[in-house]
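Examination of the molecular architecture
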Amino acid sequence: MPVYTSDALILRTYKLAEADRIVVFLTRDRGKKRGVAKGARRARSRFTGTLEALTCASVAYYEREHRDLVRINYVELHQSALAAVARGTRDAAALGHAEYFAELIDEWAPEGHADERLYRLGASVIDAIAAGAETSRLARYFEFWLLRLQGVYPQLTACPECGGAFDGGAVLPPREQHYLCRRCAPAGGTGVSIAGLRFLRSAAAASPDTLSDVQLDEGPSRELEIAHRRLIHAHLEKELKSARVLRQLR
Ligand SMILES: [Zn+2]
């Protein structure tokens, strides 16, 4: 049985049999995997505290011939939102966002082939959560980059209809997945102000640990949240469970 050790992001787990868990994780070098963590639900398990959503860890696992499920040998924690909450550097609200980010990565990560940029985005966001980054700014950054890495974020350079600049802000028209300038946009739709666009342009060049220098007030953050939810919904053709939970919490 070949054994591998990879840096990985734990995305989610579910119960298996009496005491085990199935763990979905994105490895840095070999894509998304599903594995069995034997005894993970026992009170004194070697996996305790290492399998929370969006944990960054070193995962050792065996691949078995003709089996989709790998067997997880051990998980060595590097960083997680839960560990940051335990240390007192984060409040518990960060856990809801960690789950939201993990669910988005899970939806987008291809099975079985590596996507190192997606891995790096997830790992850098965990570090930012642990370092105390402001969550709504981090969430808008993460959504923007996730959609960008998939090549589906609408272009921000010029209005595709008239070629003009987005000098008065932009609008995501109803049922469309591109921004138009305010002159070309039909009635309705989701507006993004100049401040929102400025945030996106800064986010394109920023890393999560420099986000504290990038301004995003509550109004523009809210606009981007709605626009991003519509884009994600259109591409995944469903609403995420964790996104609904976050909304209800607010
Ligand atoms: Zn236009």
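Anyway, here's the lowdown on the structure attached to this text. From a predicted model like this one, the values you see are computed outputs, not experimental measurements.

Comments concerning the environment of A81
Structurally, the position occupied by A81 is in helix α1 (residues 81-87). Classification of A81 by relative accessible area gives buried; the value is 3%. When near neighbours in sequence (up to four residues on either side) are disregarded, A81 contacts A94, L95, A98 and I129.

Section: the packing of aromatic side chains
For the coordinates displayed, the defined rule picks out eight aromatic pairs. Consider the rings of F25 and Y61, whose centres lie 5.5 Å apart with planes at 70 degrees: the pair is edge-to-face. Of this pair, F25 sits in strand β2 (residues 20-27) while Y61 sits in strand β4 (residues 55-62), and the two are 36 residues apart along the sequence. For the pair formed by F25 and Y61, the shared burial category is buried. Each ring, one from F101 and one from F142, has its centre 4.6 Å from the other, and the planes form 45 degrees; the classification is tilted. You can see F101 sitting in helix α2 (residues 93-108) and its partner F142 sitting in helix α4 (residues 135-149), a full 41 residues away along the chain. With respect to burial, F101 and F142 carry one shared label: buried. Put simply, the rings of Y141, F144, W145, Y153 and Y179 touch in pairs and so form one group of aromatic residues. The residue whose ring lies beneath R30 is Y4, and the NZ or CZ to ring-centre distance is 3.8 Å.

Description of the environment of R198
Summarising the element assignment, R198 is placed in helix α5 (residues 194-205). Separated by 18 residues in sequence, R198 and L216 place their C-alpha atoms 8.9 Å apart.

Digging into the pairing of strand β3 (residues 31-37)
Most of β3 sits out of view: six of its seven residues are buried. Pairing geometry for β3 and strand β5 (residues 69-79), over three bridges, is parallel. Looking across to β5, one finds that G35 is bridged to V70.

What about the coordination of the zinc ion?
Looking at the metal site, the zinc ion is ligated by C159 (SG), C162 (SG), C181 (SG) and C184 (SG), spaced 2.2 to 2.4 Å from it. Coordination at the zinc ion comes from four donor atoms whose angles at the metal span 103 to 119 degrees, giving a geometry best classed as tetrahedral. Between consecutive donor residues of the zinc ion, the sequence gaps follow C-x2-C-x18-C-x2-C. Residue class for C184 comes out partly exposed when judged on its relative accessible area of 25%.

Some points on the pattern of salt bridges
A side chain of one charge can pair with a side chain of the opposite charge when the charged atoms of the two come close. Counted by the stated rule, this structure contains 14 salt bridges. Here E111 and R34 are joined by a salt bridge, their closest N and O atoms 2.8 Å apart. Of the two residues, E111 is situated in the loop between α2 and α3 (116-130) and R34 in strand β3; the sequence distance between them amounts to 77 residues. Given the relative accessible area of 47%, E111 is considered partly exposed.

What counts and what doesn't
- Residues numbered from 1 in each chain as written.
- Predicted model: local features only at pLDDT ≥ 70, side-chain atom pairs only at ≥ 80, totals over all residues.
- Heavy atoms only, no water.
- Helix = DSSP H or I, 4+ residues; strand = E, 2+ residues; numbered from the N terminus.
- Buried < 20%, exposed > 50% of the residue type's maximum accessible area, 1.4 Å probe, protein only.
- Contact = heavy atoms within 4.5 Å.
- Phe/Tyr/Trp six-rings, centres within 6.5 Å; stacked < 30°, edge-to-face > 60°.
- Lys NZ or Arg CZ within 6 Å of the ring centre and 35° of its normal.
- Pairing = 2+ DSSP bridges.
- Donors = N, O, S within 2.8 Å, 3.2 Å for Na, K, Ca; no water.
- Tetrahedral: all angles 85-135°; square planar, octahedral: opposite > 155°, others 65-115°.
- Salt bridge = Lys/Arg side-chain N within 4 Å of Asp/Glu carboxyl O.

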